[in-house]
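Here is what each chain is made of, one letter per residue.
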Amino acid sequence: MLLWLAPATHAALLYDRAAISHGEWWRLWTGHWVHFSASHLFWNLTVMLVAGAWLEHLQPGWLLRLALVVAPLLSLVLLLGEPAMQTYGGLSGLATSAVVLLALVQLHRRSPDRAWWWTILLLIAAKIGVDAVREEPLFVALGAQAVRSSVLVHAAGAAAALALFSARPIRPRTAPDRPQPEYPVPSTSTNHIP
Amino acid sequence: MKPKLLSLLLGAALSLGLGGCVSWNDRSHHEASSVVQFLYPDKNMPFIQPQIPTLRLPLRVGVAFIPASMSDGRSGFHQIQANFTEQQKTELLRKVAGQFKALPFVQSIEIIPTTYLRPGGGFENLDQLRAMMGIDVVALIAYDQAQNSSDTEASIAYWTIVGAYIVPAQRNSTHTLMEAVVYDIPSRSLLFRAPGTSTIQNHSTLFRAGYFLQEASAKGIEDASAQMTANLAQELELFKVRAKEEPQNIRIEHKPGYTGAGEMNGWLAASLALLLAGLLIRSRQ
């Protein structure tokens, strides 16, 4: 939010291919937090806040992992997979990761709303699939900037979530029915994220 | 005998004079700049086969008026000066440039001075502009205006001399066609075109016919330009759809150096946010 409110910092924080190759490595992390317009920020942040807060509530520490590990991974994917893209900004790659991870965790915890979580996963898969097949050839206007929406970053975000989910143990539900348990849950410390 | 011959001669002279007057009152003027004459000036040259256009986004677009190649009012008749001023041309070019500026895949618009285009310059001229100004696509604006003023039956009142000043016996018509054609310079292919037309008809006295025709010329250009810019906006929208849906006809590439965005569509983000909020509320119940 602050990065959008302080546009003067954009040049120093944006994912910039040339600058990264000249050693400005922080851009691998910060580029995802730069936005080009209020609507760009609003939609990305809305999804990220809801999914991220819930994920952090269920699996403390995972949101930090997303920000620290997945963010630079997505940037590296863009470096390799989108060589013509000079600059990039936007949180949707990380937001996609957070939503997919949350859905996977909920399914693993045998949530009673499994059908809805599958719906969310299918919605994201369909969006990525349709975008990949019918890749938007034209640019879209975000504020004063003409940009091309990246499909690769969404696919990479979903893949990173799958990888993170597979690599880490999940804290199971303590009770099968509602209401949700209070945290932390002492009895399941062996499965808890360290 | 002598006075009879004199009156016959006077009568003949008067008839000839008046007859001349009648034909003298017919006026016509035609002024045009033609896309075909500009792009294909030499009929003997083989037709340039267009290729499938490859648009490298974001585009740099040039907007220019095709220079008028001729002004061919029929000799011996009074010519009506065309009222298409340089100021009007510049204003129209700005409007057309504004239409292109609204497109997110257009990087820049260059308004090309008319002096940079040679009559009959063809694609060689456009290649020069491409090299000089770095444009990929050019919108060429051509116009064609034909004006005619002819007598009606009421023109018999001209015999009274005063009638030429007070009887509106001239039928004036002005037909204007404006056209914007958009070409991809490297592939020589026409991307789309947008026409605008205007027809103005009115009656005037013989004395005021010139003034009315000049006024109609300016109005015709204004009306046709407005229609052309409206059609251009529609054609640009259609072109955006075609570019997405017909990759076999229009290839799209992205120039190195473009900006990308991690952007969720509004509908996807809203759906996800609503679903997540609903599930969160359910889990709390």
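Residues numbered from 1 in each chain as written. Chains lettered and ligands numbered in written order. Predicted model: local features only at pLDDT ≥ 70, side-chain atom pairs only at ≥ 80, totals over all residues. Heavy atoms only, no water.

Draft legend 1. Expanded view of the overall build of chain A. Across its full length, chain A carries nine helices and four strands. The order of helices and strands in chain A, counted from the N terminus, is α-α-β-α-α-α-α-β-α-α-β-β-α. Burial statistics for chain A: of 194 residues in total, 49% are counted as buried. Across chain A, every contact between residues at least 6 apart in sequence was considered, and the portion connecting residues at least 24 apart equals 72%. (Helix = DSSP H or I, 4+ residues; strand = E, 2+ residues; numbered from the N terminus. Buried < 20%, exposed > 50% of the residue type's maximum accessible area, 1.4 Å probe, protein only. Contact = heavy atoms within 4.5 Å.)

Draft legend 2. Fine view of helix H8 (residues 114–133) of chain A. Residues and elements named next belong to chain A. Compared with an ideal rise of 1.5 Å per residue, which puts 20 residues at 28 Å, H8 spans 28 Å between its outermost C-alpha atoms and is within 8% of the ideal. Every buried residue belonging to H8 is among Trp117, Ile120, Leu121, Ile124, Lys127, Ile128 and Asp131, and all of these are buried. Buried residues of H8, seen end-on, are gathered within an arc of 120 degrees and therefore sit on one face of the element. Looking at H8, the residues exposed on the side facing more than 90 degrees away from the buried face are Ala115, Trp118, Leu122 and Val133. (Expected span 1.5 Å × (residues − 1). Arc of directions from axis to C-beta.)

Draft legend 3. Representation of the side chain of B:Asn172. All names here are of chain B. Tracing the backbone shows Asn172 in strand E7 (residues 170–184). Within the local environment of Asn172, its side chain forms a polar contact with the side chain of Ser204, the two groups lying 2.9 Å apart. Not counting chain neighbours up to four residues away, the residues in contact with Asn172 comprise Asn148, Ser149, Ile200, Gln201, Asn202, His203, Ser204, Ala209, Phe212 and Leu213. (Polar contact = N/O pair within 3.5 Å; in protein donor to acceptor, adjacent residues only side chain to side chain.)

Draft legend 4. Spotlight on the interface of chain A and chain B. Contacts between the two partners involve 48 residues from chain A and, on the opposite side, 37 residues from chain B. Taking both partners together, chain A and chain B bury about 3800 Å²; carbon and sulfur atoms supply 70% of that area. For the interface between chain A and chain B, the tally reads one salt bridge. Grouping the amino acids of the side of chain A that touches chain B by side-chain chemistry returns 27 nonpolar, 15 polar and six charged. The pairing of strand E2 (residues 85–89) of chain A with strand E10 (residues 258–261) of chain B spans four bridges and is parallel. Note on E10(B): the bridge partner recorded for A:Gly89 is B:Ala261. (Buried area = accessible area lost by both parts, 1.4 Å probe. Salt bridge = Lys/Arg side-chain N within 4 Å of Asp/Glu carboxyl O. Nonpolar A, V, L, I, M, F, W, Y, C, P; charged D, E, K, R; others polar. Pairing = 2+ DSSP bridges.)

Draft legend 5. Representation of the nonpolar core in the model. In terms of nonpolar packing, the biggest core is built from 52 residues, with A:Val99, A:Leu101, A:Leu102, A:Trp117, A:Ile120 and B:Leu272 touching the most fellow members. At the level of secondary structure, the elements contributing two or more residues to this core comprise helix H5 (38–58), helix H6 (62–81), E2, helix H7 (92–108), H8 and helix H9 (152–167) of chain A together with helix H7 (266–284) of chain B. Grouped together as the second largest cluster of nonpolar side chains are 31 residues, B:Leu103, B:Ala180, B:Ala224 and B:Phe239 included. (Core = buried A, V, L, I, M, F, W, Y, C linked by side-chain atoms within 4.5 Å.)

Draft legend 6. Region of interest: the environment of B:Ile112. Residues and elements named next belong to chain B. By secondary structure assignment, the location of Ile112 is in the loop between strand E5 (106–111) and helix H4 (122–133). With a relative accessible area of 0%, Ile112 lands in the buried category. Placed 19 residues apart in sequence, Ile112 and Leu93 show a C-alpha to C-alpha distance of 8.9 Å. Not counting residues up to four positions away in its chain, the partners in contact with Ile112 are Gly62, Val63, Ala64, Leu93, Leu129, Met133, Ile135 and Val138.

Draft legend 7. Quick peek at the packing of H5(A) against H6(A). Residue and element names in this part refer to chain A. Running from N to C, H5 and H6 point in directions that differ by 125 degrees, and their axes come no closer than 7 Å. One finds that H5 runs oblique with respect to H6. Side by side, H5 and H6 meet where Met48, Gly52, Leu55 and Glu56 of the first sit next to Trp62, Leu63, Leu64 and Leu66 of the second. The residue inventory of the contact of H5 with H6, partitioned by class, reads six nonpolar, one polar and one charged. (Axes fitted to C-alpha atoms, helices over the stretch in contact; angles between N-to-C directions. Parallel < 35°, antiparallel > 145°, perpendicular 65-115°, else oblique.)

Draft legend 8. How the structure looks around unusual backbone geometry. A positive phi angle, close to 55 degrees, is found at A:Arg110, a residue other than glycine. With respect to the element layout, A:Arg110 can be found in the loop between H7 and H8. At B:Arg188, a residue that is not glycine, the phi angle is positive and equals roughly 60 degrees. Among the secondary structure elements, B:Arg188 is positioned in the loop between E7 and strand E8 (189–204). Looking at B:Arg188, the relative accessible area reads 16%, which means it is buried.

Draft legend 9. Here's a closer look at the pairing of E7(B). All names here are of chain B. Burial analysis of E7 places 12 of its 15 residues in the buried class, which makes it a mostly covered element. Where strand E6 (residues 137–151) lies against E7, 15 bridges are found, and the strand directions are antiparallel. Each residue of the ladder has a partner; that of Ala146, found in E7, is His175. Bridging between E7 and E8 involves 15 bridges; their strand directions are antiparallel.

Geometric values such as these leave the question of function open.
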